[in-house]
Amino acid sequence: MSQLAVTVIGPDRPGIIADVTEALAGTGVNLEDSTMTLLRGHFAMVIVCSGPFDEVKSALEPLRGELVITVRTMGPEHEHAPIGPSYVLSVHGADRPGIVAAVTRMIASAGGTITDLTTRLSGELYVLTAEVELPLTADLEILNRALEITAEELGVGVTLSPAESDEL
Amino acid sequence: MTVTEVISGWTPSQLGVDGEVLEVVRAPHPVLATEGATVDPLDPAMLKLAADLIVTMRVSPGCVGLAAPQVGVAAQMFALDVTDHPKTRTSHGVFVLCNAVVVEASRQEKGREGCMSVPDFTGDVKRATRLTVSGVLPGTTEPVTITTDAFEARALQHEIDHCNGKLFLDRVAGAHAVYPRKVYQ
């Protein structure tokens, strides 16, 4: 039994998730992590599951056509080891090429890693929200200054705020 | 004496019984999804449970509150102590409350919560930051009313939810508001 990545992309309509997961359930596959969203109205879903590759592929066959479906075998699961405290990064401003690249490059050069990211464009307004982990050794002041400079060059606003959870 | 003095003056020694450390149960244990029974605050078994909740809370690093369902008992009782938490403004010290209900809640704010019973996830939850709760201290019969704010308000709502069979997972602020727990170093 291998770990599989199933991606489903296509025009949205009610019932896609039910159709896809029903087909998968029929193969005895176990859904593990998944995420789904609408990207400019397109249905987009990624599922990591464990099950028999051939059966999963053929169970999804009838849904191909309106939907672009891929099934791939994944390598061994890598447990994500957090590298440090969490932050939420938000960027917003007038749309222009290069915002995501420039801002995420700053995070990467501070040794940070992004664990979740969403970008949305509505009219002229571009909005980026990301969950970021920064190593304890990262110099927050320098990173914030670097982000400010980058944001200024791009003409956008950027905020990096702590997102630590409280144990209750 | 004011209510604040009554609660702040309350100490676990008033229970007259030593607590012991109980095992904290984890989701998906069914007791965590069960509405707790109303308790008799004079019942010796409940005084013992109150003492157990405090001791178990004390030995759990970073724990500021513990509800009866978290130790496997579907009952309306929890222990709380936010005294040393940096986000605390008003604090009533350490206390146990029975049959607590929210009387008034306002000024919702989002915050990220973790829970000993859901060790692998955290989640963003909106909670009132101004809160009035009524309940009974164990070993007494007179209801007390607690008005508080900030972190104590959040913790109270989290514990009252436990007593009603609800977890923070039932209240998350959106489809992308549950996160894998971050444990680093």
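Only a predicted model underlies this, so the values are computations on that prediction, with no experimental measurement involved.

## Focus: the confidence of the model for chain B
Alright, step 1. Summarising the model, chain B shows a mean pLDDT of 94, and 99% of its residues fall at 70 or more.
Alright, step 2. Across the interface, the model reports ipTM at 0.83; the global pTM reads 0.88.

## Side note on the sheet that holds strand 8 (residues 156-162) of chain A
All names here are of chain A.
Alright, step 1. The sheet built from 4 strands is open, its strands ordered 6-7-5-8 with antiparallel pairing. Strands at the two margins of the open sheet, each flanked by one partner only, are strand 6 (113-122) and strand 8. Here the average twist between neighbouring strands, direction ignored, is 10°.
Alright, step 2. The strands that helix 4 (residues 140-154) touches are strand 5 (86-94) and strand 8; relative to strand 8, the one it contacts most, it runs at about 160°.

## Things to note about the sheet that holds strand 2 (residues 30-39) of chain A
Residues and elements named next belong to chain A.
Alright, step 1. One open sheet holds the 4 strands; their spatial order is 2-3-1-4, and the pairing between them is antiparallel. Sheet topology places strand 2 and strand 4 (68-73) at the edges, where each strand pairs with a single neighbour. Within the sheet, the average angular offset between the axes of one strand and its neighbour, ignoring direction, is 10°.
Alright, step 2. Where strand 1 (residues 2-11) meets strand 3 (residues 42-51), 10 bridges bridge the pair, whose relative direction is antiparallel. Looking at strand 3, one finds that S2 is bridged to G51.
Alright, step 3. Lying on the sheet, helix 1 (residues 16-25) is in contact with strand 1, strand 2 and strand 3; it crosses strand 3 at an angle near 20°.
Alright, step 4. Running over the sheet, helix 2 (residues 53-60) touches strand 1, strand 3 and strand 4 and is turned about 180° from strand 4.

## Some remarks on the interface of chain B and chain A
Alright, step 1. Across the boundary between the two partners, chain B contributes 23 residues, which contact 19 residues of chain A.
Alright, step 2. Ranking the residues of chain B by area buried against chain A places R112, K182 and Y184 of chain B at the top, with a combined share of 40%.
Alright, step 3. Between the two partners, chain B and chain A, sit 3 salt bridges.
Alright, step 4. Ionic pairing is found between R112 of chain B and E131 of chain A, a salt bridge with its closest N-O pair at 2.6 Å.
Alright, step 5. The interface formed by chain B and chain A includes 10 residue pairs in polar contact (both at pLDDT 80 or more).
Alright, step 6. Contributions of two or more residues to the side of chain B that touches chain A are made by strand 3 (95-115) and helix 3 (150-163) of chain B.
Alright, step 7. Considering every element that reaches the side of chain B that touches chain A, the biggest residue donor is helix 3 of chain B, with 5 residues.

## Points about the packing of aromatic side chains
Alright, step 1. Within the structure shown, the criterion is met by 0 aromatic pairs over all chains.
Alright, step 2. One residue, R112 of chain B, lies across the ring of Y179 of chain B, its end atom 3.6 Å from the ring centre.

## Some points on the packing of helix 1 of chain A against helix 2 of chain A
Residues and elements named next belong to chain A.
Alright, step 1. The contact between helix 1 and helix 2 brings their axes to 9 Å, and the two run at 140°. Between helix 1 and helix 2, the crossing angle belongs to the class labelled oblique. The hand of the helix 1/helix 2 crossing is right-handed. Only V56, A59 and L60 of helix 2 make contact with helix 1, whose side of the interface consists of V20, A23 and L24.
Alright, step 2. Residue classes in the contact of helix 1 with helix 2 are distributed as 6 nonpolar, no polar and no charged.

The rules behind the values
- The written sequence of each chain sets the order in which its residues are numbered from 1.
- As they are written, the chains are lettered A onward and the ligands numbered 1 onward, keeping that order.
- pLDDT decides what is reported in this predicted model: residues at 70 or higher carry local features, side-chain atom pairs at 80 or more are listed and counted, and totals for whole chains, interfaces and linings draw on all residues regardless.
- Neither water nor hydrogens contribute to the side-chain values; these are computed over all heavy atoms in the structure.
- Each residue gets a pLDDT score, which is the predictor's confidence in that residue and runs from 0 to 100.
- Paired strands, as defined in this entry, are two strands with at least two bridges between them according to DSSP.
- Labels follow the DSSP assignment, with helices taken as runs of H or I lasting at least four residues and strands as runs of E lasting at least two, numbered in each case from the N terminus.
- Under this scheme, a helix contributes an axis fitted over its contacting stretch, all axes are lines through C-alpha atoms, and angles between N-to-C directions fall in the 0 to 180 degree range.
- Here, two residues are considered to be in contact whenever any of their heavy atoms come within 4.5 Å of each other.
- Buried area: the sum, over both parts, of the accessible surface (1.4 Å probe) that disappears when the two are put together.
- A pair is scored as a salt bridge if a Lys or Arg side-chain nitrogen falls within 4 Å of a carboxyl oxygen belonging to Asp or Glu.
- We define a polar contact as two N or O atoms separated by no more than 3.5 Å, with the added condition that, inside protein, one atom must be a possible hydrogen donor and the other a possible acceptor, whereas residues neighbouring each other in sequence contribute only through side-chain atom pairs.
- Each pair of aromatic rings taken from Phe, Tyr and Trp, with Trp reduced to its six-membered ring, is defined by centres within 6.5 Å and is described as stacked if the planes are under 30 degrees apart, edge-to-face if over 60, and tilted in the remaining cases.
- A positively charged side chain is recorded as over a ring if its NZ (Lys) or CZ (Arg) lies within 6 Å of the ring centre. The angle to the ring normal must also be within 35 degrees.
- Angular relationships are summarised with four words: roughly parallel below 35 degrees, roughly antiparallel beyond 145, roughly perpendicular across 65 to 115, and oblique for the angles in between.
- Crossing handedness is defined as follows: a turn of the near helix away from the far one that is anticlockwise and smaller than a right angle gives a left-handed crossing, while the clockwise case is right-handed.
- Under the scheme applied here, ten amino acids are nonpolar (Ala, Val, Leu, Ile, Met, Phe, Trp, Tyr, Cys and Pro), four are charged (Asp, Glu, Lys and Arg), and all others, including Gly, are polar.

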